[in-house]
Amino acid sequence: FADRVTIRGFGELTGIPDCVPGIEFRGSFNTFADNVINPGSCPGVNALVCRDPDGGSNLNRIENNTIVHADLGIVITSDSADFLNYGNTIVNNMINGITQTGIAVQNGFGFRISGNIIPESVTGNCISVIGDNNVDQGFHRIFDNEITYCAGHGIALWSDAQTGLLYNQISRNEISFSSHGINLYADPGATVGHTLIIDNTVFHNELGIVLETGADHNVLFRNSVVTHL
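Notes on the structure follow. For clarity, every value in this text was computed on a predicted model and none was experimentally measured. (Residues numbered from 1 in each chain as written. Predicted model: local features only at pLDDT ≥ 70, side-chain atom pairs only at ≥ 80, totals over all residues. Heavy atoms only, no water.)

### A closer look at the sheet that holds strand β16 (residues 141-143)
Under the convention used in this document: Strand pairing follows a simple DSSP-based rule, namely that at least 2 bridges must link the two strands. Secondary structure counts use DSSP, requiring at least four H or I residues in a row for a helix and at least two E residues in a row for a strand, with both numbered from the N terminus. Lines fitted to C-alpha atoms define the axes here, with helix axes fitted over just the stretch in contact, and angles between the N-to-C directions of these axes take values from 0 to 180 degrees.
If you walk across this open sheet you meet the nine strands as β1-β3-β6-β9-β12-β16-β20-β24-β28, and the pairing is parallel. Each having just a single partner strand, β1 (6-8) and β28 (219-221) make up the two edges of the open sheet. Within this sheet the neighbouring strands show an average axis-to-axis angle of 5 degrees, counted without direction. Where strand β20 (residues 169-171) lies against strand β24 (residues 196-198), three bridges are found, and the strand directions are parallel. Each bridged residue has a counterpart across the sheet, and for Q169 the counterpart in β24 is L196.

Right under this line is the structure:
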């Protein structure tokens, strides 16, 4: 609940025994770097989370953290139809031992998600970007991530409730041994559109790159896709 705070270099941040997140914040211009975060295997526990109901948690930097043993790894979300979180950076984190989703971004604008390593998500997606609340959003850049063994999708963009999730770029990611490598989907009335999917290596997934209902005006270029033989 503050701005311009730095939490750096903690050997281990843990929520055990109370099942609370290792780091929970609201605010802008904060840095969370070089920490080991282990909140434990409690149901629903998040490792590093910003659940700002009114949006406005902007321009934070989350980098070089090691996250283990959580249901959700890094989460930044807003519940407001009027205010989004924007300009947050999630880079070069190791996210391992995750039950549900490695990185989850909901209701934001202009995030950078790059250089992260997610070796496994037991039941969910490794990276999820979600838009809802009836306000157009997007312009996220998701690149240079290394993703394996996601029970769901390696990278998933999903939109709901008359929302446009627009003008995102997915590039140079390596995704393997997951359900879908990259998946775009929108519920009726919503759209995931104008996404550039370029230079990704997607191999040995059940399906490679999947554009489902509501995925309109997207561009796929120079991707290498090999499914199970």
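### Regarding the nonpolar core
Definition in use: Nonpolar core, defined: a set of buried Ala, Val, Leu, Ile, Met, Phe, Trp, Tyr and Cys residues in which side-chain atoms within 4.5 Å join the residues together. The buried label goes to any residue with under 20% of its type's maximum accessible area, the exposed label to any with over 50%, and the partly exposed label to all in between, with areas taken from a 1.4 Å probe on protein chains only. In this analysis, two residues are considered to be in contact whenever any of their non-hydrogen atoms come within 4.5 Å of each other.
In this structure, I103, I155 and L157 are the most contacted members of the largest nonpolar core, which totals 42 residues. Elements represented by at least two residues in this core include exactly β5 (46-52), β7 (66-78), β10 (94-106), β14 (127-131), β18 (153-159) and β22 (180-186). Those residues in contact with I103 that lie beyond four places of it in its chain are I74, I90, I95, I113, N116, I118, C126, I127 and S128.

### Focus on a nonpolar patch on the surface
Counted only if it meets this: Surface patches are defined over residues having more than 30% relative accessible area and no salt bridge, joining like charges when they lie within 9 Å and nonpolar side chains (Val, Leu, Ile, Met, Phe, Trp, Tyr) when within 5 Å. Each accessible area is a Shrake-Rupley result for a 1.4 Å probe, and residues are judged covered by the shown protein chains and nothing else. Here, a salt bridge means any side-chain nitrogen of Lys or Arg that lies within 4 Å of a carboxyl oxygen of Asp or Glu.
A cluster of nonpolar side chains, F29, L59, Y86, F109, F139 and Y167, forms an exposed patch at the surface whose accessible area comes to about 590 Å². Relative to the assigned elements, Y167 resides in the loop between β19 (164-166) and β20. On the basis of relative accessible area, Y167 is assigned to the partly exposed category, the value being 43%.

### Here we look at the packing of aromatic side chains
To keep things clear, this is the line we draw: Working definition: rings of Phe, Tyr and Trp (its six-membered ring) pair if their centres are within 6.5 Å, and the pair is stacked with planes under 30 degrees apart, edge-to-face with planes over 60 apart, and tilted otherwise.
The tally for this structure, following the rule as stated, stands at five aromatic pairs. Relative to F32, the ring of F25 has its centre 4.6 Å away and its plane inclined at 40 degrees; by these criteria the two rings are tilted. Note on F32: relative accessible area 3%, which makes it buried. Centroid distance Y149 to F177: 5.1 Å. Interplanar angle 10 degrees. Geometry classified as stacked. Linking Y149 in the loop between β17 (146-148) and β18 with F177 in the loop between β21 (174-176) and β22, this pair joins segments that are 28 residues apart in sequence. Using a relative accessible area of 48% as the deciding quantity, one classes Y149 as partly exposed. In this structure F177 comes out as partly exposed when scored by relative accessible area, which is 34%. An aromatic cluster is present here, built from F109, F139 and Y167 joined pairwise through their rings.

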